Amino acid sequence: EKTHVTVHRDKMKEDTINLEKLPKHLAIIMDGNGRWAKQKGFLRTIGHENGATAVKRVIEQCARLGIPYLTLYAFSTENWNRPKFEVDMLMKLLVKALKKELKTLQDNNIKLNAIGNLNQLPSSVRKELTEVLVKTQNNTRLTVSLALSYGSRNELIEATKEICNKVKNNIISLDAIDETVINEHLYTHDLPDVDLLIRTSGEQRISNFLLWQIAYAELYFTDVLWPDFTNEHLHEALEVFQGRERRYGKTSEQLNK
Ligand code: IPE
Ligand code: IPE
Ligand code: MG
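Residues numbered from 1 in each chain as written. Chains lettered and ligands numbered in written order. Predicted model: local features only at pLDDT ≥ 70, side-chain atom pairs only at ≥ 80, totals over all residues. Heavy atoms only, no water.

Remarks on the site of ligand 2
Taken together, the neighbourhood of ligand 2 is formed by Ile29, Met30, Asp31, Tyr73, Ala74, Phe75, Asn79, Arg82, Arg199, Arg205 and Ser207. One of the side-chain N or O atoms of Arg199 is found 3.3 Å from an oxygen atom in ligand 2. Between ligand 2 and the protein, one listed contact pairs an oxygen atom with a side-chain N or O atom of Ser207 at 2.6 Å. Here ligand 2 has 390 Å² of accessible area as a free molecule, and 77% of this is covered by the chains. Sorting elements by how many residues they give to the shell around ligand 2 places strand β4 (residues 69-76) first, with 3 residues. (Near = heavy atom within 4 Å. Polar contact = N/O pair within 3.5 Å; in protein donor to acceptor, adjacent residues only side chain to side chain. Areas by Shrake-Rupley, 256 points an atom, 1.4 Å probe, with all protein chains shown as cover. Helix = DSSP H or I, 4+ residues; strand = E, 2+ residues; numbered from the N terminus.)

Next comes the structure, spelled out in structure tokens:
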């Protein structure tokens, strides 16, 4: 059985990824579209269009490699504060991409999921999104979660309210609240913890993304701008991930016993 893929990066170097040590859940903060465009003298929106191509590429590669969960930060609650022109354009791009990619998702057995305050999205997006969510809901190869109008603090506030309401109505007892209960009330309730978080564009911050879910994730930052993020960059991140020792509080000696 094949357990490694050899990827030809260039004539000098090959990299090898262990297919048995892949992250189960990969999350990506796709940053740098605006700077990518600016460097080339284009409008920021051209950066977002090229960012969409990189999204398609990474989804297809995760499916090929056999990563079962991929979560992509596409639009944050804070991004509503951008100029109206850019927000409108991002929403239009989203509608277009959802329409265009439904077939690819179906052909590749990929399930689309969405996390965030989806009610805030324009009805044109909600309509297209719902259609893709429903049509791909039974797909099993890879679950792609799009974080849209997503903010982790907002998610935790909503979860807290729901749990408090259940306690108030005697549906659950105060003592029963544990990590599982919290998990069940997050947008990510059907996803495992994040194993690897990648952020592109050189920024080294979390920007209100999956605060609870990354408690023990490995963090990987790269200067590559999101539209330039290729399969080779993904493989590089996976190689680094596979070289890390995840100790979960234990000692190295305990793990290697
Ligand atoms: C990420 O790229 C995409 C979104 C946040 C929607 P940016 O648009 O943040 O690009 P920079 O950070 O300005 O370069
Ligand atoms: C984070 O990127 C959100 C997304 C990638 C969708 P931003 O570019 O909005 O983050 P900050 O504001 O620079 O931290
Ligand atoms: Mg940015």
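Considerations on the packing of helix α3 (residues 84-107) against helix α4 (residues 123-135)
In contact at an axis separation of 9 Å, α3 and α4 are set at 15° when each is read in the N-to-C sense. Judged by the inter-axis angle, α3 sits roughly parallel to α4. Here α3 runs over α4; the crossing is left-handed. Contacts between α3 and α4 involve Met91, Leu94, Val95, Leu98, Lys99, Leu102, Leu105 and Gln106 from the former and Ser124, Val125, Glu128, Leu129, Glu131, Val132 and Lys135 from the latter. When grouped by side-chain class, the residues that make up the contact of α3 with α4 number 9 nonpolar, 2 polar and 4 charged. (Axes fitted to C-alpha atoms, helices over the stretch in contact; angles between N-to-C directions. Parallel < 35°, antiparallel > 145°, perpendicular 65-115°, else oblique. Left-handed = near helix turned anticlockwise from the far one by under 90°. Contact = heavy atoms within 4.5 Å. Nonpolar A, V, L, I, M, F, W, Y, C, P; charged D, E, K, R; others polar.)

Observations regarding the sheet that holds strand β8 (residues 218-221)
Sheet architecture is open: 6 strands sit in the order β5-β6-β4-β3-β7-β8, paired in parallel fashion. The sheet is open, and its two edges are formed by β5 (110-115) and β8, each paired on a single side. With direction set aside, neighbouring strand axes in the sheet form an average angle of 20°. Bridge analysis of β5 against strand β6 (residues 142-150) gives 6 bridges, and the strand direction is parallel. Bridge pairing links Asn113 to Ser145 in β6. (Pairing = 2+ DSSP bridges.)

Overview of a negative patch on the surface
Taken together, the side chains of Asp178, Glu179, Glu184 and Asp193 make up a negatively charged region of the molecular surface. When you line up the elements, Glu179 lands in helix α6 (residues 179-184). With a relative accessible area of 58%, Glu179 lands in the exposed category. (Patch = residues over 30% accessible without salt bridge, like charges linked within 9 Å, V, L, I, M, F, W, Y side chains within 5 Å. Salt bridge = Lys/Arg side-chain N within 4 Å of Asp/Glu carboxyl O. Lys, Arg positive; Asp, Glu negative; His and termini not counted. Charge placed at Lys NZ, Arg CZ, Asp CG, Glu CD. Buried < 20%, exposed > 50% of the residue type's maximum accessible area, 1.4 Å probe, protein only.)

Some points on the site of ligand 1
Neighbouring residues of ligand 1: Met30, Asp31, Gly32, Asn33, Gly34, Arg35, Arg44, His48, Ala74, Asn79, Arg82 and Leu90. Asn33 has a polar backbone atom sitting 3.2 Å from an oxygen atom of ligand 1. Within the backbone of Arg35, one N or O atom sits 2.7 Å away from an oxygen atom of ligand 1. Protein contacts shield 87% of the accessible area of ligand 1, which totals 380 Å² for the unbound molecule.

Let's talk about the pairing of strand β7 (residues 196-199)
Where burial is concerned, the two faces of β7 agree: the one with Leu196 and Ile198 and the one with Leu197 and Arg199 are both buried. Note that strand β3 (residues 25-29) and β7 share 4 bridges and pair parallel. Directly across from Ala27, in β7, lies its bridge partner Leu197.

Side note on the nonpolar core
Leu26, Ile28, Val58, Leu70, Leu72, Ile198 and Leu234 are the most contacted members of the largest nonpolar core, which totals 45 residues. Sorting elements by how many residues they give to this core places α3 first, with 8 residues. Residues within four places of Ile198 in sequence aside, it is in contact with Leu26, Ala27, Ile28, Ile29, Tyr220, Thr222, Phe229, Leu234 and Ala237. Ranked by size, the runner-up nonpolar core spans 13 residues in total, among them Ala27, Ile29, Ala147 and Leu210. (Core = buried A, V, L, I, M, F, W, Y, C linked by side-chain atoms within 4.5 Å.)

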